[in-house]
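Chain residues, written in single-letter form:
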Amino acid sequence: MAKPGRNDNSIDPLDVAIAPPPDETEEEREKRLSKEREAKVVSDAIDEEIEAERTAEKKKTRPVKILLLGQSESGALINGTEGKSTTLKNFQLMYEPKAFRLERASWRAVIQLNVVRSFHLILDAITRAQKALQSSSSSSIEDIPQIPTELLKLKLKLTALLTVEGTLIRRLTPDGSGETEATQLARSNGGTSGQNGGGGAGSPSGGGVGGKPPVVKELAVNSTKPWKDTFNRLVHGERDSFESGDAIDWEDPEDPGRILHDLSDDMIKLWNDPITQLLLEKQNLRMQELAGFFLDQLERVTAPRYVPTDDDILKARLKTLGVTEHRFTFSSTKTGQLSRDWKVFDVGGHRSQADSVGLWSEVSSNKLLKRTNLILFLNKIDIFRMKLEAGIRLADYIVSYTKENDFDNTTMSLVFLLDRNIDLRKKFANILQDKSPLPRAFYCHLTTVTDPKSTKYILANLKEMLMIGNLAKVDLV
Ligand SMILES: Nc1nc2c(ncn2[C@@H]2O[C@H](COP(=O)(O)OP(=O)(O)OP(=O)(O)O)[C@@H](O)[C@H]2O)c(=O)[nH]1
Ligand SMILES: [Mg+2]
């Protein structure tokens, strides 16, 4: 006997759903059947196309696969993100420059969001200082400078940026595109506003005034979704004119660039004010080290007809969610013997991963990846150097390091890394040697991937791997 609530198995719900209405006339029946015939022709054509693609795919040499792995947030010494999407941007810049530059309109919005986000952090920092000054119980009050009325006026005017932030977020995550669901705005512990967070900065390295460190909210976009399409719809005119600003709709009355331009002078004043700098310093907020830093270029990026340069696009920050696949066909002229299809997978980083060493251990020991060649990038070396020069002591992070924290010579930071006692590369090489199920060569680079030249390391290693290894059958991470 059937249990109560169970469907009768002999009735197919699909049949019921597509069954013709019981009172169908002869004419309606003819119409329906004709539509069904048309749909079948389309469906057959799609099946044929898929089959043809599958056959063509099988005939081709297997593509080289590159999986970009890393964290979204990492340790305190080299903070923030890993630069996976930036590496991918470098590939696009090198091999699909036209398509890359056609996306300038979208990246312009991301850069504007980065700018606004930076100001959100600054305004929050001033608010925290104000609160601390008002509260007599604050222990660190004597360290906080008095905030001049002029600065507070500027702050008030610039709260208009929070509206721009909202507009930009809405544009980057349009309704119905699925982007809103994919948008992750991390919790904020308060500040100037309770509004949505913006994209841009990584985690600030410091604490609040006499309180908890500020938690940075960040806009994340699922890169498999066409967030760029919102802006591409604005594109008009000749597609070939990508080098100019023609890809941007300058007539758009809603363009956030207009408000940014109107507030430009005030933004520059606030950022350059020594009290602002002091307040940031007291709160250990090193804006220069945060991802998506454009505050030293405010006049240019808020200019009425600002078009992002390649360099700006490489520096722009938009967090990735999920996995994106990009295909490139690399010509032999640029890559030597590497003329074949490449698939590059950009994997959005996770905050939960313990640290870079842990991730490297996991990847090295993974049995499914045992025949996969690995290249390790110790990225953001420029920021590492900046931190060393700012007086952060390596010994506070690496106990075995006992040498001088001396940075007169700009190459010193690299010497530290290469030093036998604390050779980070050696540490990672040992992990690979110990954990790898099969012996593998260790490739490692200290990089600054915002510099397009960094791609050359990848290409040089790939050539070597393809030559040394089993040439046709190499998969890469
Ligand atoms: N100064 C400096 N900035 C870098 C470097 N590499 C990446 N960045 C910047 O850091 C930010 C984050 O880089 P992404 O490439 O988005 O990082 P990601 O690994 O894709 O991060 P998730 O998407 O969160 O997983 C961007 O604003 C980059 O421009 C670097 O070597 N030096
Ligand atoms: Mg990314």
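Keep in mind that this is a model prediction, so the values were computed, not measured. For every chain, the first residue of the written sequence is number 1, and numbering continues from 1 along that sequence. All chains are assigned letters beginning with A, and all ligands numbers beginning with 1, in the order in which they are written. Reporting in this predicted model follows two pLDDT cut-offs: at least 70 for local features of residues, and 80 or more for side-chain atom pairs to be given and counted; totals over whole chains, interfaces and linings ignore these cut-offs and use all residues. Here the side-chain values reflect all heavy atoms present in the structure, with hydrogen atoms and water set aside.

Caption draft 1: Geometry of the coordination of the magnesium ion (ligand 2). Distances from the magnesium ion (ligand 2) to its protein donors, Ser85 (OG) and Thr320 (OG1), fall at 2.1 Å. One end of the pair, Ser85, is in helix H3 (residues 84-95); the other, Thr320, is in strand S3 (residues 319-321), with 235 residues separating them in the sequence. Note on classification: 1.4 Å probe, protein chains only; a residue is buried when its accessible area is under 20% of the maximum for its type, exposed when over 50%, partly exposed between these limits. On the basis of relative accessibility, which here comes to 21%, the residue Ser85 falls in the partly exposed class. Accessibility expressed as a relative area gives 9% for Thr320, which makes it buried. Metal donors: N, O and S atoms at distances within 2.8 Å, or within 3.2 Å for Na, K and Ca, with water omitted from the atom set so that some sites may seem incomplete. Note on conventions: DSSP H or I runs of at least 4 residues are helices, E runs of at least 2 residues are strands, and numbering of each starts at the N terminus.

Caption draft 2: Here's a closer look at the environment of Pro256. Structurally, Pro256 can be placed in helix H10 (residues 256-262). The exposure class assigned to Pro256 is buried, which follows from its relative accessible area of 4%. Remark: the alpha-carbon pair of Pro256 and Leu113, spanning 143 residues in sequence, is separated by 9.4 Å. Once you skip the residues sitting within four places of it in the chain, Pro256 turns out to touch Gln112, Val164, Thr167, Leu168 and Arg171. By the convention used here, residues are in contact when the closest approach between their heavy atoms is within 4.5 Å.

Caption draft 3: Representation of the UniProt feature "binding site: GTP" (unreviewed entry) in the protein chain. Feature annotation in UniProt places "binding site: GTP" (unreviewed entry) on Leu314, Lys315, Ala316, Arg317, Leu318, Lys319, Thr320, Asn379, Lys380, Ile381 and Asp382, given in this structure's numbering. When you line up the elements, Lys315 lands in helix H14 (residues 310-315). Assessed through its relative accessible area of 33%, Lys315 is described here as partly exposed. Among residues more than four places away in sequence, those in contact with Lys315 are Gly292, Phe294 and Thr450. Looking at the element boundaries, Leu318 is found in the loop between H14 and S3. UniProt positions are given in the numbering used here, feature names are shortened, and annotations may be inferred rather than shown by experiment.

Caption draft 4: Broad picture of the pairing of strand S7 (residues 443-446). Of the two faces of S7, the one lined by Tyr443 and His445 and the one lined by Cys444 and Leu446 are each fully buried. Note on pairing: DSSP must find at least two bridges between two strands before they are called paired. Sheet topology note: the strand S6 (residues 375-378)/S7 ladder contains four bridges and is parallel. Looking at S7, one finds that Ile375 is bridged to Tyr443.

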